[in-house]
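Fold and geometry: a report
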Amino acid sequence: MSSEFNKRFIDGVERSHSHVAWDGEDTVNVHVLIWPTWGGLSEFEKGFARDIASWGYTATAVDLYGQGNNPTELQAKADTLKLLVADRVALTGLLNDLTHEATVAYPNKKIVHVGFCLGGRLAIEAGLHLPVSAGSVSYHGLMNFYRVEPESKANQEARFLVCNGYQDPMVDEDSAESARAYFDELGVDWQFIDFGNAKHSFMLPSANAPQDGHAFSPIANQRGRAYLKGFLEEIA
């Protein structure tokens, strides 16, 4: 683990995870962690957590970078992402620590990871590498996630749902097929769903750059939420 990684993501970093609980009588025995885009925790992830809570679950939107540390410029986002994912051991350790922070108040609940873009990749990695995970859902996530080494250490109990935009320029057919083949080789429970006419960031209402392959899709967003709802019901 590099000193630069520690300085940026661990040492002295103060985080404020956004916890949301359903206000009904009883919550379902599942806690959902929401991993943000490369821009860090925003109102989008917090709002998504509230939506999930309205279905009867508890949810936490993870403060990935810490208070006041979200990159804003495009190059800063790219540089932060590069440092974050540069080392498998360091990244897995951080995912483990943040998962513990976000779930310590909800003991004995099944943990499901949900993420968007970079967060979609992190959700998959948390599902594969962390034995406490019951499931992972990736929305327009990056498919260059770290594979488990050796494969025998992969979390066989987790289920995986990948919701991918068929027109996503960041997920070509080779990387998509590599991910599908990897899940199948592991023997885990997996689904990989391509949404037609959907680009990168199809779940993000703010995405409006179709010329660059990034665009919100109301239909894909609606269907993606429906798939998530069914996925959570299966795990519960």
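Look up: the structure comes first, before these words.
Residues numbered from 1 in each chain as written. Predicted model: local features only at pLDDT ≥ 70, side-chain atom pairs only at ≥ 80, totals over all residues. Heavy atoms only, no water.

**A closer look at the side chain of S201**
Condition: Starting at the N terminus, helices and strands are each numbered in turn, a helix being any DSSP run of H or I of at least four residues and a strand any DSSP run of E of at least two. Working definition: with a 1.4 Å probe on protein chains only, accessible area under 20% of the residue-type maximum means buried, over 50% means exposed, and in between means partly exposed. Should any heavy atoms of two residues lie within 4.5 Å, those residues are counted as being in contact.
On the secondary structure map, S201 appears in the loop between strand 7 (189-195) and strand 8 (208-209). A residue is classified by how much of its surface remains accessible, and S201, at 6% relative accessible area, is buried. In this view, S201 contacts C117, H140, A207, H214, A215 and F216; residues no more than four positions away in its chain are not counted.

**Description of the layout of surface pockets**
For clarity, the threshold we go by: Definitions used for this entry: grid spacing 1 Å over protein atoms alone; cavity, a set of points where a 1.4 Å probe fits but cannot get out; pocket, an open set with protein on both sides within 12 Å along at least 5 of 7 lines; lining residue, one with an atom within 4 Å of a point. Grid points are joined across faces, edges and corners, and a volume is the space filled by probe spheres set on the points. Any residue that is not Ala, Val, Leu, Ile, Met, Phe, Trp, Tyr, Cys, Pro, Asp, Glu, Lys or Arg is counted as polar, Gly included; the first ten are nonpolar and the last four charged.
Size it by volume and the largest pocket reaches roughly 620 Å³. Around the largest pocket, the lining is made up of 24 residues, and of these W38, K77, S201, L204 and H214 lie nearest the centre. Secondary-structure elements contributing two or more residues to the lining of the largest pocket are helix 2 (43-53), helix 3 (74-84) and strand 8. By residue number, the principal contributor to the lining of the largest pocket is helix 3, which donates 3 residues. Taken together, the residues of the lining of the largest pocket break down into 12 nonpolar, 9 polar and 3 charged.

**Quick word on the packing of aromatic side chains**
Quick reminder of the rule: What counts as a ring pair is set by centres within 6.5 Å for rings of Phe, Tyr and Trp (its six-membered ring), and what kind of pair is set by the plane angle: stacked under 30 degrees, edge-to-face over 60, tilted for all other angles. For a Lys NZ or an Arg CZ to count as sitting over a ring, it must be within 6 Å of the ring centre and within 35 degrees of the ring normal.
Throughout the structure, instances matching the rule amount to 14 aromatic pairs. Here the aromatic rings of F48 and Y139 are separated by 6.2 Å at their centres, their planes lie at 70°, and the arrangement is edge-to-face. Within this pair, whereas F48 is found in helix 2, its partner Y139 is found in strand 5 (residues 133-139), the two being separated by 91 residues in sequence. Grouping residues by exposure puts F48 and Y139 together as buried. Here the aromatic cluster, defined as three or more aromatic residues joined through ring pairs, consists of F145, F160, Y182, F183 and W190. Here R8 stacks its cationic end above the ring of Y65, 5.1 Å away from the centre of that ring. The cationic tip of R147 hangs over the ring face of Y182; the distance from NZ or CZ to the ring centre is 5.2 Å.

**Quick word on helix 4 (residues 88-103)**
Convention followed: Expected span, for any helix, means 1.5 Å times one less than how many residues it has. Here a polar contact is recorded for every N or O atom pair within 3.5 Å, except that within protein the pair must consist of a potential hydrogen donor and a potential acceptor, and residues adjacent in sequence are included only if both atoms are side-chain atoms.
When the terminal C-alpha atoms of helix 4 are compared, their 22 Å separation across 16 residues agrees well with the 22 Å that a helix rising 1.5 Å per residue should span. Residue D87 occupies the N-cap position of helix 4, its side-chain oxygen lying 3.2 Å from the main-chain nitrogen of V89.

**Description of the pairing of strand 4 (residues 110-116)**
Inclusion rule: The pairing criterion is simple: DSSP has to find at least two bridges between the two strands. Look down the strands so they point away from you; if going from the first strand over the helix to the second traces a clockwise path, that crossover is right-handed.
By the criterion of burial, strand 4 is predominantly enclosed, with 6 of the 7 residues buried. For strand 2 (residues 30-35) and strand 4, the ladder comprises 6 bridges, and the chain directions are parallel. Opposite I34, over in strand 4, you have V114 as the bridge partner. Pairing analysis gives 6 bridges linking strand 4 to strand 5, with the strands arranged parallel. Bridge assignment links V114 to a residue of strand 5, and that residue is V137. Once you follow strand 4 into helix 5 (residues 118-129) and on to strand 5, the crossover reads as right-handed.

**Considerations on the nonpolar core**
Put simply, the rule is: Think of a nonpolar core as a cluster: buried Ala, Val, Leu, Ile, Met, Phe, Trp, Tyr and Cys residues, connected wherever their side-chain atoms sit within 4.5 Å.
Counting residues in hydrophobic clusters, the biggest one holds 34 residues, and the most contacted among them are F48, I52, V114 and Y139. Breaking this core down by element, the ones donating at least two residues are strand 2, helix 2, strand 3 (58-61), strand 4, strand 5, strand 6 (159-165), strand 7 and helix 7 (218-235). Ignoring sequence-local partners within four residues, the contact set of F48 consists of I34, V114, F116, Y139, M203, R225 and L228. Counting residues in each nonpolar core, the second largest holds 24 residues, with L81, V85, L122 and L130 among its members.

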